[in-house]
Amino acid sequence: MTFCNAPINNMYFTVHGTVAPCWLTVGAIDRWSPERSIKDIWFGEHYQRIRDNISNEVFAGKCAECKKDFDNGVWPLAKAYEQFTVKEYPSLMELELSNQCNLECVMCSGVLSSGIRKNRDKLPPLPQIYTEEFRQQLREFIPHLEELRFNGGEPFAQKIVLDICEDVAELNPGLKVNIATNGTVYNKRVQKILDICNIHINISIDSLIPERYAEIRINGDLNVLFKNFEIFHKYCKDGDRDLSIMVNPMRQNWEEMVEFARWTDKHHVKLWFNTIRYPEHCAIWNLPNEKLKEVYTTLKSDLNRLPKTNYNYDKIKHLIDNQISTWLLDSYVSDPSE
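Residues numbered from 1 in each chain as written. Predicted model: local features only at pLDDT ≥ 70, side-chain atom pairs only at ≥ 80, totals over all residues. Heavy atoms only, no water.

Participant: I tried to follow the overall build of the protein on my own but got confused; where do I start?
Facilitator: If you tally the helices and strands in the protein, you get 13 helices and 11 strands. Its C-alpha radius of gyration of 20 Å places the protein within 12% of the 20 Å reference for a compact globule of 338 residues. Taken over the C-alpha atoms alone, the protein extends approximately 55 × 50 × 45 Å along its principal axes. Put simply, of all contacts in the protein between residues at least 6 apart along the chain, 70% involve residues at least 24 apart. If you sum the accessible surface of the protein, you get close to 15600 Å²; carbon and sulfur atoms cover 52% of it. Side chains of the protein carry 40 positive and 47 negative charges; the gap between the two charge centres is 2 Å. (Helix = DSSP H or I, 4+ residues; strand = E, 2+ residues; numbered from the N terminus. Rg over C-alpha atoms; globule rule 2.2 N^0.38 Å. Contact = heavy atoms within 4.5 Å. Areas by Shrake-Rupley, 256 points an atom, 1.4 Å probe, with all protein chains shown as cover. Lys, Arg positive; Asp, Glu negative; His and termini not counted. Charge placed at Lys NZ, Arg CZ, Asp CG, Glu CD.)

Participant: Quick question: what am I supposed to make of the pattern of salt bridges here?
Facilitator: Here the idea is simple: oppositely charged side chains can pair when their charged atoms come close. Counted under the stated rule, the structure contains 28 salt bridges. Between Asp-206 and Arg-217 there is a salt bridge, and its shortest N-O distance comes to 2.8 Å. Pair noted here: Asp-206 is in the loop between β8 (198-204) and α9 (210-216) and Arg-217 is in strand β9 (residues 217-218), with a separation of 11 residues, a long-range link. Since its relative accessible area comes to 0%, Asp-206 is described here as buried. Three or more residues are tied together by salt bridges with common partners; here these are Glu-132, Arg-135, Arg-139, Lys-159, Asp-163, Glu-166, Asp-167, Glu-170, Arg-189 and Lys-192. (Salt bridge = Lys/Arg side-chain N within 4 Å of Asp/Glu carboxyl O. Buried < 20%, exposed > 50% of the residue type's maximum accessible area, 1.4 Å probe, protein only.)

Participant: How should the pairing of strand β11 (residues 270-273) be read in this particular structure?
Facilitator: Regular strands place side chains that alternate from one sheet face to the opposite one. Only one face of β11 is buried, namely the one carrying Leu-271 and Phe-273, since none of Lys-270 and Trp-272 on the opposite face is buried. In terms of strand pairing, strand β10 (residues 243-247) meets β11 through 4 bridges, oriented parallel. When the sheet's bridge partners are listed, Val-247 is paired in β11 with Phe-273. The β-α-β motif built from β10, the intervening helix α11 (residues 257-267) and the parallel element β11 has right-handed crossover chirality. (Pairing = 2+ DSSP bridges. Right-handed = clockwise from strand over helix to strand, strands pointing away.)

Participant: Before we go on, may I ask you to explain the sheet that holds strand β7 (residues 176-181) in this structure?
Facilitator: Note on sheets: strands pair through backbone hydrogen bonds, and any given pair is parallel or antiparallel. The strand order across the open sheet formed by 9 strands is β3-β2-β1-β4-β6-β7-β8-β10-β11, and the pairing between neighbours is mixed. With partners counted over all chains shown, the strands left at the sheet margins are β3 (30-31) and β11, one partner each. Direction of pairing for strand β6 (residues 147-150) relative to β7: parallel, over a ladder of 4 bridges. Considered in β7, the bridge of Glu-147 is made with Lys-176. Taken strand by strand, helix α10 (residues 222-238) contacts β8 and β10, and its axis lies near 150° from that of β8. (Axes fitted to C-alpha atoms, helices over the stretch in contact; angles between N-to-C directions.)

The following block contains the structure:
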């Protein structure tokens, strides 16, 4: 097994049509178009170059960032691809097919939110890159997949996502389909997809406080999210499917991180923390040393009051003792006066 299996088992498609082994490397590998098919890309020279680099332990560009995380004891993105089989066709695909979204989150951008692009960026809508032809090409790959992931925008609000899910129900009904959702969209079409597919759900929640949630997830209502959470929770529990809560630790909400461990333990669902590097005004990693010290010591104190039997104890401990502590140490290096 190489340091990273993504180049040999995964394809990540972005809203711009770029394709790469993971979201860190998007934009640097290849591009889908009616003239360059999914098959052309997977078996093409650009993907092979990345495979050769990783095989020869050459970590160029964004791959170097992932290797640095690994060397520092921080879970690298590469870890996400360890479990998937290596074979002729990809065993995993991650699709960002549209930026259509009903929210305008403060840490997001117009690339992944149609509302931000219109209202904050004052730009015209992104072109819809992925056509019916893309959907038809995907049919060849669906039977070989072990998992299909939909990210970007709000997948439950995107017709192409729901259409592809119907293809999955026809071609590979047991396929694990993982959808990253903000949890605020639920309707009859969504319920139909839940009924005919093996849907696993990641819900992004960045605050358990209604006012703060509304400030971070603009246009969102925490009460609506909690109502839909109960529907998704029952669906996943009854079908023995994964339901995970995804949290973005940021300047706006870092005090709540241990509370998320308590909340997810109460509902017995998995908890994962994303790393927000940009936009920098939302990030924690670049805070001044004194503020980072406050973040670390406050969360560490809260962690010490958390029972080690908590369902997600290891996740919150890793966030504090590995990731935030590493940023704190880096801040001492960058500020020799400390």
